[in-house]
Amino acid sequence: MAVLKVKFTKTKRDKLAQILWILNWVSVVSGIILFSLGLFLKIEIKKRNEVMAKGDINSVPNMLISVGVIACIINFLGGKICYDCSDANKFSRWKLVMLPYIVCTFCFTFCILLGALMCYTMRNELEESLYLGLRDAIKFYKDTDIPGRCFLKKTVDLLQIGFRCCGNNGFRDWFEIQWVSPRYLNMASKDVLDRLKSNVDGKFLVDGVPFSCCNPSSPRPCIQYQLTNNSAHYNYDFLTEELNIWMKGCREALLDYYTGIMRSIGIAALLIWLFELSVLIGVRYLQTAMKNVLLLGDLEGESDGWLLENSFVETAKYNINIIKNLGKANQISTVSGMNDPNINIQNTDCDKTNITTKSIPAAR
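Source: prediction; values computed, not measured. Residue positions within a chain follow its written sequence, with the count starting from 1. Confidence filtering applies because this is a predicted model: local features only for residues at pLDDT of at least 70, side-chain atom pairs given and counted only at 80 or more, and all residues used for totals across whole chains, interfaces and linings. Computation of side-chain values: all heavy atoms of the structure, hydrogens and water removed.

### Side note on the UniProt feature "transmembrane region" (unreviewed entry) in the protein chain
Basically, it comes down to this: UniProt positions are given in the numbering used here, feature names are shortened, and annotations may be inferred rather than shown by experiment. Strands here are runs of E lasting at least two residues and helices are runs of H or I lasting at least four, both read from the DSSP assignment and numbered beginning at the N terminus.
Taking the UniProt record as the reference, the feature "transmembrane region" (unreviewed entry) is found at residues 20-40, 60-78, 98-120 and 265-286. Along residues 20-40 the backbone is 100% helical and 0% strand, and the end-to-end C-alpha distance reaches 30 Å. Taken as a whole, residues 60-78 contains 100% helix and 0% strand, while its terminal C-alpha atoms sit 26 Å from one another.

In structure tokens form, the structure reads like this:
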């Protein structure tokens, strides 16, 4: 029994073909949108590539870009097919192509759904990449004289100013590393030497943060050094007073930023998937309706269209049997008497001849 069978007249078939022709061109535009969203996300990730560890974070934008290009090609071909399907004579040219086209389009729509879901599952990979990348960027913040790292100070400062954040997890991350370059340390100072000797690794650690952590909206001048020393500042209590530096870590700030972008892209991809799925259903109805018209032989008469010719269970069993029988066509059965090359070959007896001999009349 056919699934979701619908009866189509000649007029309904023509209107369906025209509507699908228009929708396929709209789908070309949706493919361009998918490509643009993937390209936008790829550019945004590349902008902060210096503070991200190498990983699979580009898989989502690459998927969206690929799906967008494929969408333009498939829907352009679909528009041509639907335009020709308004004429039964032209449909005969696409008769053998339409079913493979529908199968390919179904796989393509599944890729759109997969890309949309990946936008929501990418958060963990992105968080790990940001954590490792920011950790190394902050670690090499002081290396302004080393090629390959000299740009990191500017990158981190612009990042903290632009995203109103400080450190990786928070401002205390700066307490654990030496972020002041040795070239700016006065080795003749007793305080500097004491700090270097007090650390096992010989690092100059201070309870301070770079200037880019300062909040310019704070009414009090920025306190970026001796943050935990109440006596170093007038009318200051580290435990009770709200500090005038950014409290949010840059990992959290960047993660919120990219999560918002990917959530919007995921919603757009889901809407495009639903639209593409509706177009695919329409093409399936058109293909079955036109196929039945040719079988009936009445090009002006009514015909049935459906999503599946048989029920879901029967269709699944049929496809499973096809998969199971793949490769068996070329195998020779070992059952006795089957596929024997000597079967049905007529045996001949070389010792006997079927030539009739004429009797020689006896002499009189």
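### Observations regarding a nonpolar patch on the surface
Operational definition: Here the term patch refers to residues with relative accessible area over 30% and no salt bridge, with like charges joined within 9 Å and nonpolar side chains (Val, Leu, Ile, Met, Phe, Trp, Tyr) within 5 Å. Reported accessibility uses the Shrake-Rupley method at a 1.4 Å probe radius. Residues are deemed covered only where the shown protein chains occlude them. The salt bridge criterion pairs a side-chain nitrogen of Lys or Arg with a carboxyl oxygen of Asp or Glu, the two atoms within 4 Å.
The grouping of Trp21, Ile22, Trp25, Val26, Phe76 and Tyr83 at the surface amounts to a nonpolar patch, some 610 Å² of accessible area in total. Counting residues per element, the ones that place at least two in the nonpolar patch are helix H1 (10-47) and helix H2 (59-84). Sort the elements by how many residues they give to the nonpolar patch and H1 lands first, with 4 residues. If you trace the backbone, Val26 turns up in helix H1.

### Focus: the state of the cysteines
Inclusion rule: Cysteine sulfurs are considered disulfide-paired once they come within 2.5 Å of each other.
Under the definition given, this model contains 3 disulfides. Note on cysteine connectivity: Cys166 is disulfide-linked to Cys213, with sulfurs 2.1 Å apart. Between Cys166 and Cys213, the S-S torsion sits near 85 degrees, and that sign places the bridge as right-handed. One end of the pair, Cys166, is in the loop between helix H5 (152-163) and helix H6 (190-198); the other, Cys213, is in the loop between H6 and helix H7 (250-296), with 47 residues separating them in the sequence. A sulfur-sulfur distance of 1.8 Å marks the disulfide that ties Cys214 to Cys222.

### A few points about the nonpolar core
Put simply, the test is: Put simply, buried Ala, Val, Leu, Ile, Met, Phe, Trp, Tyr and Cys residues joined by side-chain atoms within 4.5 Å make one nonpolar core. Exposure categories follow from relative accessible area, calculated using a 1.4 Å probe and restricted to protein chains: below 20% of the type maximum is buried, above 50% is exposed, and the middle band is partly exposed. An automatic or database domain assignment provides the domain bounds reported here. In this analysis, two residues are considered to be in contact whenever any of their non-hydrogen atoms come within 4.5 Å of each other.
Counting 80 residues, the largest nonpolar core has Trp174 and Val209 as its most contacted members. For this core, the secondary-structure elements that each account for two or more residues are H1, H2, helix H3 (88-121), helix H4 (123-139), H5, H6 and H7. For this core, the element with the highest residue contribution is H7, accounting for 18 residues. Taken domain by domain, this core gets at least three of its residues from each of domain 1 (2-124 + 256-324) and domain 2 (138-251). Excluding its chain neighbours within four sequence positions, the residues that come into contact with Val209 are Cys166, Phe171, Trp174, Phe175, Trp179, Gln224, Leu227 and Ile245.

### So, the pattern of salt bridges
Considering all chains together, one arrives at 12 salt bridges under this definition. The partner of Asp143 in a salt bridge is Arg149, with the nearest N and O atoms 3.1 Å apart. The class for Asp143 is buried, based on a relative accessible area of 10%. On the basis of relative accessible area, Arg149 is assigned to the partly exposed category, the value being 30%. Among the charged side chains, a network of salt bridges with common partners joins Glu44, Lys47 and Arg48.

### Description of H7
What counts, and what does not: By this rule the span expected of a helix is its residue count minus one, scaled by 1.5 Å.
Compared with an ideal rise of 1.5 Å per residue, which puts 47 residues at 69 Å, H7 spans 68 Å between its outermost C-alpha atoms and is within 8% of the ideal. Positive backbone phi, at 85 degrees, marks Gly297, one or two positions downstream of H7.

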